[in-house]
Amino acid sequence: MGKTHEGIDGRLRSFIEAQPVFFTATAPLSADGTVNLSPKGLKGSFAVLDEHTVAYLDFAGSNAETIAHLRENGRITLMWCAFQGPPNIVRVHGRGEPVFRDDARFAELLAHFPDIDPTQHGLRAVIVVTAELVRDTCGYAVPYMAYEADRDLHGRRFAREDDASLSAYFTKKEHIATSLDGLPGLPLPLPPSTV
């Protein structure tokens, strides 16, 4: 039923790029640490960079668990499900890295996301994932669901923030600078953007 792929290309790439939502899973090294699973959306915020590398924009949110786990150990799994069309589930297991706004690579990475205005969403980092294992499975039990549109709430909420107010917002949140397990999260104050 499942198949391992050499890389992300052709039909597999087309499938991934067509999905309006995907999920990320990370965990700390501690055996009793908190496993994190997050849904990701917003059309245009995900990109396949090459057959073994993908990236997505990390926007303002309630915590920074994914960033904290990646900073500690780099392990990440991304998953896409077919909610329409033929059944399919694709997982990319690999190593991830948060590239923060003051990193020299940030502007070049941001160029891979031409269809989204990151200033409307409180962009914190670009998460770059190098695939170590790419697999797809049947997805027979995944239900049909219809995609209507992206919600505009996130953009409306964070479009009014500048770097200073965004840093103040993040500083007030309990699990932005440190994770639920006390790991270093988002560097604060928020680094200025290189773009």
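The coordinates are above.
Residues numbered from 1 in each chain as written. Predicted model: local features only at pLDDT ≥ 70, side-chain atom pairs only at ≥ 80, totals over all residues. Heavy atoms only, no water.

Some thoughts on the packing of aromatic side chains
Part 1 of the argument: Per the stated rule, a full pass over the model turns up 6 aromatic pairs.
Part 2 of the argument: Arranged with centres 5.4 Å apart and planes meeting at 70°, the rings of F46 and W80 form a pair that is edge-to-face. Linking F46 in strand β4 (residues 46-50) with W80 in strand β6 (residues 75-81), this pair joins segments that are 34 residues apart in sequence.
Part 3 of the argument: Judged by its relative accessible area of 17%, F46 falls in the buried class.
Part 4 of the argument: Here W80 falls in the buried class, since its relative accessible area comes to 0%.
Part 5 of the argument: Grouped by ring-pair contacts, the aromatic residues F22, F46, Y56 and W80 constitute a single cluster.
Part 6 of the argument: Taking the ring centre of F158 as reference, the NZ or CZ of R157 above it sits at 4.5 Å.
Part 7 of the argument: Between R157 and the ring centre of Y169, over which it is positioned, the NZ or CZ distance is 4.8 Å. (Phe/Tyr/Trp six-rings, centres within 6.5 Å; stacked < 30°, edge-to-face > 60°. Helix = DSSP H or I, 4+ residues; strand = E, 2+ residues; numbered from the N terminus. Buried < 20%, exposed > 50% of the residue type's maximum accessible area, 1.4 Å probe, protein only. Lys NZ or Arg CZ within 6 Å of the ring centre and 35° of its normal.)

Examining the pattern of salt bridges
Part 1 of the argument: By the definition in use, this model includes 9 salt bridges.
Part 2 of the argument: When the shortest N-O distance is used, the salt bridge between R13 and E17 registers 3.0 Å. In this pair, R13 and E17 are both assigned in helix α1 (residues 10-18), 4 residues apart and thus about one turn of the helix distant.
Part 3 of the argument: Under the relative-accessibility criterion, R13 is labelled partly exposed at 30%.
Part 4 of the argument: When its relative accessible area of 43% is taken as the criterion, E17 is described as partly exposed.
Part 5 of the argument: Residues joined in a network through salt bridges with shared partners are E97, D103 and R105. (Salt bridge = Lys/Arg side-chain N within 4 Å of Asp/Glu carboxyl O.)

Quick word on the pairing of β6
Part 1 of the argument: Where strand β2 (residues 22-26) and β6 come together, 3 bridges link them in antiparallel fashion. When the sheet's bridge partners are listed, T24 is paired in β6 with L78.
Part 2 of the argument: Relative to strand β7 (residues 89-100), β6 runs antiparallel, the two sharing 7 bridges. In the strand pairing of β7, C81 is matched with I89. (Pairing = 2+ DSSP bridges.)

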